[in-house]
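Tertiary structure, described
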Amino acid sequence: METANTVKASKITLSELMLPSHSNFSGKIHGGYLLKLMDQIAFACASKYSGCYCVTASVDTVDFLNPVEIGELVTLKASVNYVGKTSMVVGIRVTSEHIQTGIKKHCNSSYFTMVAKDELGNNVKVPKLIISNMEEVRRFYDSINRIENKKKYKELEMTFDYHSTEALKNLQNYNVVVSEKLSK
């Protein structure tokens, strides 16, 4: 019998106060620390949804939009946006809040692909996704588009001829200088 689960059942929120020990050399919160928190919430969200241990298969687009300051409260919200046979795309939104003023900033949004595993490390089937509103429909289709674009890019990367004269000429459109050895 096939199982199904709602997006709502996958939702998780994680908040943490940013400490000086989380900062980088410029006094802002280290991007790597935020990535660690994002990976943790993606794991919790996917595991909660699937009822299985889950591993990170890929991370799509992490753009750091605004810096996070020491003393701010960072809140991560995650939900399953898409499911395949054994994988799930977890959408994550990260915001920071200055706790004295209440001013909030959107720091980044990202998408983690998580894979469900059994006790032996084999991939296992995940429940179907019950979509309940138009926002969930949009997120599902956005995930499909990202997956399709990733496949197209991978195919292009495998078939692109880096040695062609056209490829070398095209480099002139960028901030590079092509060595004379390559031009011959």
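Turning our eyes to something else, we now look at the pairing of strand 6 (residues 104–117). Pairing analysis gives 7 bridges linking strand 3 (residues 53–60) to strand 6, with the strands arranged antiparallel. Residue pairing in the sheet places C54 in a bridge with A116 of strand 6. Across 11 bridges, strand 5 (residues 87–97) lies against strand 6 in antiparallel orientation. By the bridge assignment, M88 is partnered in strand 6 with M114. Taking the residues that link successive antiparallel strands as the turn, the strand 5-strand 6 hairpin has 6 residues, and the phi of G102 there is positive, at about 80°.

Further remarks concern a nonpolar patch on the surface. On the surface, L17, L19 and I99 cluster together into a nonpolar patch covering about 240 Å² of accessible area. For L17, a relative accessible area of 38% translates into the label partly exposed.

Scanning the entire structure with this criterion turns up 1 cavity of 30 Å³ or more. Within this model, the largest cavity holds a volume of roughly 40 Å³. Around the largest cavity, the lining residues are D60, V89, Y111, T113, S143, R146 and I147. Of all the secondary structure elements, the ones that give two or more residues to the lining of the largest cavity are strand 6 and helix 2 (134–159). Tallying contributions element by element places helix 2 first for the lining of the largest cavity, with 3 residues. Residue composition of the lining of the largest cavity, by class: 3 nonpolar, 2 polar and 2 charged.

Under the criterion given, the structure shown has 0 disulfides. The thiol sulfur of C54 is not disulfide-bonded, and the nearest other cysteine sulfur, from C52, lies at 6.2 Å. C45 supplies the cysteine sulfur nearest to C107, a cysteine that is in no disulfide, at a spacing of 19 Å. A relative accessible area of 1% means that C107 is categorised as buried.

One finds L76, V80, M88, V90, I92 and M114 to be the most contacted residues of the largest nonpolar core, which totals 34 residues. Elements with a contribution of two residues or more to this core: helix 1 (31–50), strand 4 (73–83), strand 5 and strand 6. The greatest single-element share of this core, amounting to 9 residues, is contributed by helix 1. Dropping the residues within four chain positions of it, M88 is found in contact with A46, Y49, S50, C54, V80, Y82, V83, F112, T113, M114, A116 and V126.

About the thresholds
Residues numbered from 1 in each chain as written. Predicted model: local features only at pLDDT ≥ 70, side-chain atom pairs only at ≥ 80, totals over all residues. Heavy atoms only, no water. Pairing = 2+ DSSP bridges. Helix = DSSP H or I, 4+ residues; strand = E, 2+ residues; numbered from the N terminus. Patch = residues over 30% accessible without salt bridge, like charges linked within 9 Å, V, L, I, M, F, W, Y side chains within 5 Å. Areas by Shrake-Rupley, 256 points an atom, 1.4 Å probe, with all protein chains shown as cover. Salt bridge = Lys/Arg side-chain N within 4 Å of Asp/Glu carboxyl O. Buried < 20%, exposed > 50% of the residue type's maximum accessible area, 1.4 Å probe, protein only. 1 Å grid on protein atoms, 1.4 Å probe; cavity = no way out; pocket = protein on both sides within 12 Å on 5 of 7 lines; lining within 4 Å. Points joined across faces, edges and corners; volume = space filled by probe spheres on them. Nonpolar A, V, L, I, M, F, W, Y, C, P; charged D, E, K, R; others polar. Disulfide = S-S within 2.5 Å. Core = buried A, V, L, I, M, F, W, Y, C linked by side-chain atoms within 4.5 Å. Contact = heavy atoms within 4.5 Å.

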